[in-house]
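Chain by chain, the residues run as shown.
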Amino acid sequence: MKSKTLLLGSLAAGIMSAGCGVSYDETVDGEIGSVHQAFVSRTWAYAWAQQATGSFTANSSYARNSSGDVSGEGVDNTVTQLGTGRYRVQFPGIGASSGGNVQVTAYGSGAERCKVDHWNSSGGGVNVYVNCFTAGGAAINTRFSVAYVRKSGTGSSDEAYVWANDPTAAAYTPDLTHQFNSSGVNNTIVRQGVGRYAVTLPGQTAVGGTVEVTAYGPDSDHCKVAGWGQSGDDTAVNVRCFDSAGALADGRFTLNFARSAPPNGGLSYSYAWAHDTAAASYTPSLAYQKGFISGDAGDVEADITAGRTSAGRYSVNLPGMSATGSNVQVTAYGTGSEYCKVVGWSGDGSETQASVACFDEGGTSADTRFVLVYTGDKYIIQ
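Keep in mind that this is a model prediction, so the values were computed, not measured. (Residues numbered from 1 in each chain as written. Predicted model: local features only at pLDDT ≥ 70, side-chain atom pairs only at ≥ 80, totals over all residues. Heavy atoms only, no water.)

Peer 1: Where do I start with the state of the cysteines in this structure?
Peer 2: Two cysteines joined by a covalent bond between their sulfur atoms form a disulfide. Throughout the structure, instances matching the rule amount to three disulfides. Between the sulfur of Cys114 and that of Cys132 lies a disulfide, 2.1 Å long from S to S. Negative torsions about the S-S bond denote left-handed disulfides, and the value of about 105° found for Cys114 with Cys132 makes this one right-handed. One end of the pair, Cys114, is in strand β9 (residues 113–122); the other, Cys132, is in strand β10 (residues 125–133), and 18 residues separate them in sequence. Assigned by exposure class, Cys114 and Cys132 land together as buried. In this model Cys223 forms its disulfide with Cys241; the gap between the sulfur atoms is 2.1 Å. Across the disulfide from Cys223 to Cys241, rotation about the S-S bond amounts to roughly 105°, and the bridge is consequently right-handed. (Disulfide = S-S within 2.5 Å. Helix = DSSP H or I, 4+ residues; strand = E, 2+ residues; numbered from the N terminus. Buried < 20%, exposed > 50% of the residue type's maximum accessible area, 1.4 Å probe, protein only.)

So this is what it looks like as structure tokens:
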């Protein structure tokens, strides 16, 4: 029997080394994207800011919004430059709630980096404010990629996020409006020292999951994931934050975790922990990579592959994923002050290739590990 394919839009156990408005529930024509996603509702939007200056509509080929049609199309996300290196991203129609989680990654081949300043509800939608800087900490105009997700409900999926709002508290429960845990239990944070934090996500399974981290606030500090692993029934995530000189510094951040579930909403997703900094070609750890296409397709059988193309430059191949209608976020991994960004991504509908660049505190290309998260609108009915 021939299958019918419909494309909408573009259509290691243990601790790892180094350490509301409109509701969107992933249900399409009676089909649940995954059995593990059935009980968590997700509202989401993402965009690629394709210009570094001016006010504009985010490129419709790389922007989606869950208030649109089933694939997230049909609603314009907009970007407004507010000053040098300062931007407002407007995600309309996704509900008048200031909760949720935001991840931001600078885009392009230079050493710029970006972070979220804050976000709030406005006119039935959400406004996200982004700040971008040079390696030395000066404000600079640059392109970036941004993703927003708001989740609610409880169930068997492994999903959690936090806004770490108190950088000097010895131990605390982060802001309840801006945190989520599919187990229904509050996430907590312990400060282990200057710029060093341990985030506990109760009831979450670490192996097979992925973590995104973005620094928060007006300053030029940056944050990254230093490692995550299982601690009893919980997932423990270590985070490091640094100033523009590369020294550990207390800072606020947003953190997003998911295991076999869409980290940033959307219909399809793919993620990988790129653990080998030197190999020209390799398969990232199978224990921490996943590809899933909504509809009848389900899990992607082919492995994600990656490789180093030059100092601090990497390529990641995402089988089954379409570049059009997608978003890519990158988080550096490890205890050092290196940071990473997305240089670009492209594909032919059957595979997407993302390029990543990583730098040391001085803006020089540097080899380092990282986590990559892809979100897309691909949906297949067979």
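Peer 1: Honestly, the packing of aromatic side chains in this entry has me stumped. Any pointers?
Peer 2: To describe a pair of aromatic rings, one takes the distance between the centres and the angle between the planes. One pass over the full model with this rule turns up 18 aromatic pairs. Taken together, a centroid distance of 5.2 Å and an interplanar angle of 55° make the contact between Tyr87 and Phe144 tilted. Linking Tyr87 in strand β7 (residues 86–91) with Phe144 in strand β11 (residues 143–152), this pair joins segments that are 57 residues apart in sequence. Each member of the pair Tyr87 and Phe144 is classed as buried. Three or more aromatic residues link up through ring pairs in this structure, and these residues are Trp48, Tyr62, Tyr107 and Trp345. (Phe/Tyr/Trp six-rings, centres within 6.5 Å; stacked < 30°, edge-to-face > 60°.)

Peer 1: Explanation requested: the nonpolar core in the structure shown.
Peer 2: General note: in soluble globular proteins, nonpolar side chains tend to be found buried as a group. Ranked by size, the top nonpolar core spans 31 residues in total, and within it Val199, Trp228, Val237, Val239, Phe253 and Leu255 carry the most contacts. Contributions of two or more residues to this core are made by β12 (158–164), β16 (196–201), β17 (209–216), β18 (222–231), β19 (234–242), β20 (252–259), β21 (268–274) and β29 (369–376). Once residues lying within four places of it in the same chain are set aside, the contact partners of Val199 are Val162, Thr188, Ile189, Thr235, Ala236, Val237, Val239, Phe253 and Leu255. Of all hydrophobic cores here, the second largest spans 29 residues; its members include Ala272, Tyr282, Val316 and Leu318. (Core = buried A, V, L, I, M, F, W, Y, C linked by side-chain atoms within 4.5 Å. Contact = heavy atoms within 4.5 Å.)

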